[in-house]
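# Summary of structural features
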Amino acid sequence: MSLIEVKNVTKIFGPNPKAALQRYRDGLSKEELLAETGHTLGLADVSLSIGKGQIFVIMGLSGSGKSTLIRHFNRLIDPTDGQILVDGDDVIKMSIRQLERFRRTKMSMVFQRFGLMPHRTVLQNVAYGLKVRGVGRAEREAKAMEWIERVGLSGYDGQYPTQLSGGMQQRVGLARALATDAEILLMDEAFSALDPLIRSQMQDQLIELQSELGKTIVFITHDLDEALRIGDQIAILKDGRLSQVGTPPEILLNPADDYVTEFVRDVNRARVLTVETVMRPPKTRLTGADIDKALGEMRRTNADWGYVVEDGRYLGVATQESLAAAVSANDGRNLYEVAEDGPTVSAADALEAALPAALETDYPLPVVDKEGLLMGVVSGREMSSALTPPKVASAAAAEPGGSAGRAGGAAPASTAGKTAATAESPAAAHRETAKLDG
Ligand code: ADP
Ligand code: MG
């Protein structure tokens, strides 16, 4: 279910944005708009949908429009054109009073530079949102203490922000946002100022909190590794335009354009991609004990290998050769006896973990879930192919304001991402790309 709905939002900064909007619609690029009208294109026809209970990451280089986009959600910025719905409510139509209430209760924000009040203690900072909301002192302080403990700052409640390290200050910022119990957490480069180790601890904590509390978190970062680590969905912005929206594997396997391809090139794919994202259905499933029937099925599907399954459970593999031999031997063995045990891989395994087993077998490995049900198969070659990043098709298309960029912006990128995922398996599409690349 979608909680935040962004519909064709365009934002132009400058003295006469409506007139500049017309010039943009007439075809000026971001650079041309700035050069000819002095207006800055902040966002260009952005449409996306953020589901309840997701960690939704907005990614892009500095100046790509990330902060501009997230600030539309609680209407710190008004769009030049387009619509923002939160839980079905049109944010732009809210009165000042409604908006104040909405900001206090529905969303809370965590900032990059912590945004703490220096003359107030940790406790007072964390309790602040509740105080503004009119919650009595005892209650708000009890609640604030809970969150201070939860983010690992027990004992620091009486200290002032300047007495804390950056990582600790960011925890205060997080505790403050969580204490208001808002359904939506907006985090604008909240972890970008932290050292790598602290940052990775904070990421873990955020993932844990999210799964426990079920909040919807909109998280901005310019760091792809961070995006892949914590994001359920990732939206990639370039020059105010959405390049792609998708899950981490979708983005790695099916980058929508050269810009995204360039972005994902150096990612450790073996660690991010799971077996599930590259597996495919087996050519031949064999069920029942009858070897004559099984051999017939293998011949009909022209398969060398068949996967023996009972009630969905994987039992072993059989070759056409071994079945043919058993049939002519006529020694009374059934399919379960002819089938051979062998290695399997888990759907949830990272390719890094699964690849060694795949390289040891000469048939596509069976992929099983936790219950041992056969989910699909995958060969070592298919895994290796998914590990090879796609190549950038053309240098010209990657240029800012290039025609490819414009065309991409015309269709809502959120649908582009989804289509890619449903049309065919990401791995299959990837294999296509790999083929094209020769
Ligand atoms: P990001 O957060 O991705 O670094 P921003 O959303 O801050 O990017 O900025 C997007 C674009 O909009 C940039 O070109 C920036 O210069 C411009 N911009 C942002 N805020 C303003 C503003 N208040 N006035 C004029 N231009 C702005
Ligand atoms: Mg920003």
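Below is a short write-up of the structure. Note that the structure is a prediction, hence the values are computed from the model and not measured.

It is worth spelling out the environment of A353 at this point. Secondary-structure assignment places A353 in helix α17 (residues 351–360). On the accessibility criterion, A353 (53% relative accessible area) is exposed. Between the C-alpha atom of A353 and that of A270, which follows or precedes it by 83 residues, the distance is 8.3 Å.

Another point: the packing of helix α7 (residues 166–179) against helix α8 (residues 196–213). Remark: α7 packs on α8, axes separated minimally by 11 Å, with the N-to-C direction vectors making an angle of 15°. By the angle class used here, α7 and α8 are roughly parallel. The interaxial crossing formed by α7 with α8 has right-handed handedness. Touching G167, Q170, R171, L174 and L178 of α7 are I198, Q201, M202, Q205, L206, L209 and L213, all from α8. Per-class residue counts for the contact of α7 with α8 are seven nonpolar, four polar and one charged.

It is worth spelling out helix α1 (residues 17–25) at this point. Three- or four-residue spacings in an α-helix give side chains the same orientation, since the helix completes a turn every 3.6 residues. If you check which residues of α1 are buried, you get A20, L21 and Y24. Along α1, the residues classed as buried sweep out an arc of 110° about the axis, all on the same side. Positive backbone phi, at 120°, marks G27, one or two positions downstream of α1.

Let us now look at the sheet that holds strand β7 (residues 184–188). In a beta sheet, neighbouring strands are held together by backbone hydrogen bonds and run either parallel or antiparallel to one another. The six strands lie next to each other as β6-β7-β8-β3-β9-β10, forming an open sheet whose pairing is mixed. Each end of this open sheet is capped by a strand with a single partner; those strands are β6 (107–110) and β10 (241–246). The sheet shows a mean angle of 15° between the axes of neighbouring strands, taken without regard to direction. The pairing of strand β9 (residues 233–238) with β10 spans five bridges and is antiparallel.

In this section: the site of ligand 1. Taken together, F13, K30, T40, G42, L61, S62, G63, S64, G65, K66, S67 and T68 form the complete shell of residues around ligand 1. One of the side-chain nitrogen or oxygen atoms of K30 is found 3.1 Å away from an oxygen atom of ligand 1. When the free accessible area of ligand 1 is taken as 560 Å², the share hidden by the protein chains comes to 61%. For the shell around ligand 1, the secondary structure elements donating two or more residues are β2 (40–51) and α3 (66–73). Along the lines of polarity and charge, the residues of the shell around ligand 1 split into two nonpolar, eight polar and two charged.

With that settled, consider the side chain of H72. Position of H72 relative to the elements: it lies in helix α3. For H72, a relative accessible area of 1% gives the class buried. At 2.7 Å, the side chain of H72 forms a polar contact with the backbone oxygen of T68. In contact with H72, other than residues within four places in its own chain, are V9, K11, L43, I77, D78, P79, I84 and V91.

Glancing now at helix α15 (residues 320–329). The set of residues buried in α15 consists of S322, L323 and A326. For α15, the arc enclosing every buried residue in end-on projection is 100°, short of the 170-degree limit, so these residues lie on one face. Turned more than 90 degrees away from the buried face of α15 sit E321 and S328, all of them exposed. Those residues of α15 that are buried are in contact with β11 (285–286), α14 (291–300), β13 (313–319) and α16 (335–338). Phi turns positive one or two residues past the end of α15, at N330, with a value near 50°.

To continue, consider unusual backbone geometry. Apart from glycine, the bulk of residues carry a negative phi angle, and the bulk of peptide bonds sit in the trans form. We note that N8 has phi near 45°; this positive angle belongs to a residue other than glycine. Mapping N8 onto the fold places it in strand β1 (residues 2–13). The class for N8 is partly exposed, based on a relative accessible area of 41%. One non-glycine residue with positive phi stands out, namely D239, at about 50°. Within the element layout of this structure, D239 appears in the loop between β9 and β10.

So, on to the environment of G240. For G240, the location among the structural elements is in the loop between β9 and β10. Owing to a relative accessible area of 0%, G240 belongs among the buried residues under this scheme. Distance from G240 to T68, taken between C-alpha atoms, is 8.8 Å for residues 172 residues apart in sequence. When near neighbours in sequence (up to four residues on either side) are disregarded, G240 contacts G42, L43, A44, V46 and S64.

A few words now on the pattern of salt bridges. Overall, the coordinates contain 22 salt bridges when judged by the stated rule. Salt-bridge contacts for K106 lead to D87; the nearest nitrogen and oxygen are separated by 2.7 Å. Residue K106 is found in the loop between α4 (96–105) and β6, and its partner D87 is found in the loop between β4 (81–86) and β5 (89–90); the two are separated by 19 residues along the sequence. Note on K106: relative accessible area 18%, which makes it buried. When salt bridges that share partners are traced, they join K52, D87, K106 and E183 into one network.

Conventions used here
Residues numbered from 1 in each chain as written. Chains lettered and ligands numbered in written order. Predicted model: local features only at pLDDT ≥ 70, side-chain atom pairs only at ≥ 80, totals over all residues. Heavy atoms only, no water. Helix = DSSP H or I, 4+ residues; strand = E, 2+ residues; numbered from the N terminus. Buried < 20%, exposed > 50% of the residue type's maximum accessible area, 1.4 Å probe, protein only. Axes fitted to C-alpha atoms, helices over the stretch in contact; angles between N-to-C directions. Parallel < 35°, antiparallel > 145°, perpendicular 65-115°, else oblique. Left-handed = near helix turned anticlockwise from the far one by under 90°. Contact = heavy atoms within 4.5 Å. Nonpolar A, V, L, I, M, F, W, Y, C, P; charged D, E, K, R; others polar. Arc of directions from axis to C-beta. Pairing = 2+ DSSP bridges. Near = heavy atom within 4 Å. Polar contact = N/O pair within 3.5 Å; in protein donor to acceptor, adjacent residues only side chain to side chain. Areas by Shrake-Rupley, 256 points an atom, 1.4 Å probe, with all protein chains shown as cover. Salt bridge = Lys/Arg side-chain N within 4 Å of Asp/Glu carboxyl O.

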